[in-house]
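Summary of the model geometry
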Amino acid sequence: MAENETVLATHSPGLQHHFDDSAQQLEASTLGMWMFLVTELMFFGGMFASYTIYRNMYPDAFASTSQFMNVTIGAINTGVLICSSFTMVLAVRSIQLGRKNATIAFLTLTLVLGCVFLVLKYVEYHEKWVDHHIPGPGFEYADLRYGRQVQILFYLYFAMTGMHALHMIVGAGLIVTLIVMTARNRFSAEWNTPVEMVGLYWHFVDVVWIFLFPLLYLIGHTS
Amino acid sequence: MSTTLQPPSPGIEAKANYLNADYGWKSWLFTTDHKRIALLYLFSITTFFFIGGAFAVLMRIHLLSPEGMFDNDTYNKLFTMHGIIMVFFFLVPSIPATLGNFLIPMMIGSRDLAFPRINLLSWYIYIFGGIFTLMAVVRGGVDTGWTFYAPFSSTYSNTHVILAAVGVFVSGFSSILTGLNFIVTIHKMRCPGMTWSRLPLFVWAHYATALIQVLGTPVIAITLVLLGLERILHAGIFDPTLGGDPILFQHLFWFYSHPAVYIMILPGMAVMSELVACYSRKRIFGYGFVAFSSLGIAVLSFLVWGHHLFVSGQSMYASMVFSFMSMAVAVPSAIKVFNWTATMYRGSISWDTPMLYAFGFIGLFTMGGLTGLFLATMAIDVHVTDTYFVIAHFHYVMVGGMVMAYMGGLHFWFPKITGRLYPEGWAKFAALVIFVGFNLTFFPQFILGYLGMPRRYATYPEEFHLLNVMSTAGASILGVGYVIPMIYLAWAWRNGPLSPQNPWKAKGLEWEQSPTPPPTFNFDTPPIVTEPAYNYSGEVEEEAHG
Amino acid sequence: MGSFSIFPERASTSAGEVDALYGFLLLVGIGMTLLIFASVFFFAIKYRRKSDNDRPKLIHGSLPLEITWSVIPFLVMLVMFVWGTKLYFQNYTPPRQGTLDIYVTGKQWMWKMQHPTGQREINELHVPLGRPVKLILASEDVVHSFYIPAFRLKHDVVPGSYETFWFEATKLGRYRIFCAEYCGTDHSRMTGWVTVMEPAAYESWLSGGSASGSMAEQGEKLFQQYGCASCHITEAQGRGPSLRNVFGHPVVLEDGRTVMADEAYIRESIQNPNAKIVKGYPRDLMPVFQGQIDEEGLLQLVVYVKSLSPPAPAKSAVTAKDVSNPGRAK
């Protein structure tokens, strides 16, 4: 069916049979993407709510974990993601101007930055592994004053950053697809909806991190 | 499935339609036609309905004697799997994924949903989730109740909780994608002249449903992820011995699962508006109020979840607010019931099968809704929560309401979907059997509940015996009632008389401007709307409602 | 199968009140249902389609009607809301004084009751007639729910916290206790009986005594065993606050808030000391006992701490028997 849709298209290669024109299709895609991001927001919202409740319940235990968070890597990663959002914007801009090579370059740069983030994240996870800070039977924590309470923070840390990293991996996969499609001349100044949509998604994932960083790394540094 | 995979009998082939456009399993499993996807869903959810129903029958047989037929663990698994399958794999997708999927594009004059491939994807995700859940069933079942309360589910249960939770988690994305598709479609795909104030109320109610699907479902998804991880790691997020809070799970769970009951009932209300209008030959009384009451329900539905926690130790003042909001949400529901009833006033009322189901819906939903007020009234809730009163209330809304509407809708649009008519006599008979069986099954449970019989009891004291026997007797009638339509509808699909384009003389683009059964792209000529919805009186006029 | 009634027995002060409210709701409910059924039937018959060419006249909506049938149900609901809320607060707020406190622990799949005097029962609860009884509910494993239909009351029993439940029995007899929150295999067998006795009979039942001493005595043993006594010195200033005259009195916290020292507060302070630090004491000094002491032990500790607060000004000596009524100190 997907092939038929392309055949049926009249003036734009990306126009699907059931839309009247490209404008309608673009509006539909954009609205759809925003609705999807709302869904994502609620998805992360469940974890943010749990975080808020437990931090309120165990403020001291939560604050005590900051010393074991690698703030340097966290900060570098924050910078990396902000840069990658910037290169993503440039990629979207380039394709809107029809500049194929620039688009590929910026997408590749975004992908590289995304991978840098994931590699650094891996380094952090490895540290946690070495320190026995992975929640579960092997969990150990030097400061015994808080019993098992700190484990909940590490649980949330892994759940939240893990879900975030999963979204990064999906995003990286999407960018690879975009690079291939751009190279095959599938996008043009007239039709580049997928690039724009992946751009929105990428920015969303970055914004989630902007919240995760202070909430998870800087708790003990606030007062 | 076999009925649709093969070419229909000769005669119907005169005209190209979505059913005969293409043959072979590939043309179904890779279709992006919303009508074919709706049929894929129809067969899948019917399968799940009968699996879930079989569990219900076994439960009722078990409860025939106070000591039970099976052992306690078996019974606990039966009600858990009945709940999980019926809620997540039948009720949530039922009307939206079948009738909604089939009709929304046609009702608004579109060739398809906005994202046809995502629509197909949502069906695959649903099936994938279903497979996980069925695996949990086949490998020995789950015994946590469909509510998965921690720490029982996270620590104490030794059944296949994770498999079942993964199934529910996965199928949630199917629901999200359906909702997302509907919202975008309703916003962006309306044909010329189809303004918001001319939308059929079916579409309005589905729009409200879709909002809840998109906003609520991700929360249950993440809750189940946290629960599954907790079960593997025992890190304590819901385990009080490690510092976790089991009530937090209940909050997160009901934040989705209460709105979810509106995901289930709003589409039933969607169907009701169409049935009452068509079989009364009247414009729905107070169109604007009915439309906006759907949105009102959608918004309020997110503010009432705490009424499941009145006895859990939640702050009494929080309970007070939730009690108030829960009563407030009854107002838009009442508005709908009154408006449907008022629509019948001075109408031309036909007693065709779909309208019989509509009568059933109005009555039973009224009872379900009113008993909801009992549960929202805190002092009463303290006594009846977690008893059979809740079971009866829930089934009056879901089976007496939702399933009645679903059956009514299925009969109403059967000619549209298949191009054939169903046997009216059998259909009326089945509707009557279902109505009688339903009331006999669930009415005694209201009494049982107030007498204090707790839900999820594998064994029960002797004094509850009589009412349980009555309930089981009713269930056997109800079970037969559901099998009859299954048989005659399957028969009529191949052998029923051919239907004219608009057998009920109904209003709406899907009947008036689209052939029956519809062609692949729904309309032979691009539809244009020039009159308000339900213009049965033939008066062309525009008026501001709501 | 016995005689048939739609009401269970009424055996507490709250039962009649809940039934009255239920009666009101039934009236409204049946009235509304009849109204809707009657209208549907009446319209369906009166306006039954005569010919396929019927074209009923268009009726516009009616704003006054819409307002009427929105506002009237809303007002009726307000009555339900106010009535139900008032009764709920009353039924869930134990009297501040004069309650008989009994400690209930739920575990898969039984109810364990401890009387302050040390008597223990399983799935049986003896209470006197005509006296407010307060149950302090704890769970050792999953969420349970303590339910006595004859009293029209239930309360979830949530692990990790105390819930309270109170009633005043008004009728002698034996009434069922159910577990109402699904808790696993033998959920339906986690049932028992509450026996309402004449006060005098109850007193003589209590005087049967207990081999292991009163709850406070058992709590004191634990208090020594866990080393609590090394910091919380009763008669002098230790590293931790003295626990004399704490229970039932307001406590000023580090952040300036004041909380009432009730059972839940004592429990929380044992389990998670940092949650509420008493003004003038350092954080992180006391170890966290979360998951270290079982629920029955915790309850004994709580009763011991309660016993350190004299029950009433009238009585001076604190004896094990007096502890049976520490609620008076409030």
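Residues numbered from 1 in each chain as written. Chains lettered and ligands numbered in written order. Predicted model: local features only at pLDDT ≥ 70, side-chain atom pairs only at ≥ 80, totals over all residues.

1. Here's the deal with the packing of helix α4 (residues 215–225) of chain C against helix α6 (residues 295–307) of chain C
Residues and elements named next belong to chain C.
- Interaxial distance between α4 and α6 falls to 7 Å at its minimum, and their mutual angle equals 105°. It follows that α4 is roughly perpendicular to α6 by the angle criterion. Residues Met-215, Ala-216, Gln-218, Gly-219, Glu-220, Leu-222 and Phe-223 of α4 form the contact with α6, whose own contacting residues are Gly-297, Gln-300, Leu-301, Val-303, Tyr-304 and Ser-307.
- Of the residues in the contact of α4 with α6, the class split is 7 nonpolar, 5 polar and 1 charged. (Axes fitted to C-alpha atoms, helices over the stretch in contact; angles between N-to-C directions. Helix = DSSP H or I, 4+ residues; strand = E, 2+ residues; numbered from the N terminus. Parallel < 35°, antiparallel > 145°, perpendicular 65-115°, else oblique. Contact = placed C-beta atoms within 7 Å. Nonpolar A, V, L, I, M, F, W, Y, C, P; charged D, E, K, R; others polar.)

2. Quick look at unusual backbone geometry
Residue and element names in this part refer to chain B.
- At the junction of Ala-150 and Pro-151, the peptide bond is cis and its omega measures out at -5° in the coordinates.
- Along the chain, the position of Pro-151 falls in the loop between α6 (116–138) and α7 (152–156).
- The residue after Thr-516, namely Pro-517, is reached through a cis peptide bond having omega -10°.
- Along the polypeptide, Pro-517 turns up in the segment after α20 (509–512).
- The residue Asn-522 is not glycine, and still its phi comes out positive at about 75°.
- Relative to the helices and strands, Asn-522 resides in the segment after α20.
- On the basis of neighbour counts, which here come to 23 C-beta atoms within 10 Å, the residue Asn-522 falls in the buried class.
- For Tyr-534, which is not glycine, the phi torsion reads 55° and is therefore positive.
- You can see Tyr-534 is positioned in the segment after α20. (Buried ≥ 20, exposed ≤ 12 C-beta atoms within 10 Å, placed from the backbone.)

3. Some points on the environment of Ile-266 of chain C
Residues and elements named next belong to chain C.
- Position of Ile-266 relative to the elements: it lies in helix α5 (residues 263–271).
- Sequence separation between Ile-266 and Tyr-175 is 91 residues, and the spatial gap between their C-alpha atoms is 32 Å.
- Setting aside chain neighbours within four positions, we find Ile-266 in contact with Phe-247, Ala-261, Val-302 and Val-305.

4. Some words on the interface of chain A and chain C
- Listed by partner, the interface residues are 5 residues for chain A and 6 residues for chain C.
- Classifying every residue of the side of chain A that touches chain C gives 1 nonpolar, 1 polar and 3 charged.

5. Some points on the nonpolar core
- If you look at the biggest cluster of nonpolar residues, it comprises 340 residues, and the most contacted ones within it are Leu-156 of chain A together with Ile-183 and Ala-358 of chain B.
- Examining the composition of this core, we find that 23 residues originate from one element, helix α10 (residues 246–280) of chain B, more than from any other.
- Sequence-distant contacts of Ile-183 of chain B, that is, excluding residues within four places in its chain, are made with Met-35 of chain A together with Tyr-207, Ala-210, Leu-211 and Val-214 of chain B. (Core = buried A, V, L, I, M, F, W, Y, C linked by C-beta atoms within 7 Å.)

6. Quick look at the sheet that holds strand β6 (residues 144–148) of chain C
All names here are of chain C.
- Strand order in the open sheet formed by 5 strands is β4-β10-β9-β6-β7, with mixed pairing between adjacent strands. Edge positions in the open sheet fall to β4 (124–128) and β7 (153–157), since each of these has one partner strand only. Adjacent strand axes in the sheet meet at a mean angle of 20° when their direction is disregarded.
- Judged from the 5 bridges that link them, strand β9 (residues 173–179) and strand β10 (residues 192–197) form a sheet pairing that is antiparallel. Bridge assignment links Arg-174 to a residue of β10, and that residue is Thr-195. (Pairing = 2+ DSSP bridges.)

7. Quick look at the pairing of β4 of chain C
Residue and element names in this part refer to chain C.
- Along β4, the buried face is formed by Leu-125 and Val-127; none of Glu-124, His-126 and Pro-128, which line the opposite face, is buried.
- Of the strand pairs in this sheet, β4 and β10 are connected by 5 bridges, and their pairing is parallel. From the neighbouring strand, Pro-128 faces β10, where its bridge partner is Met-197.

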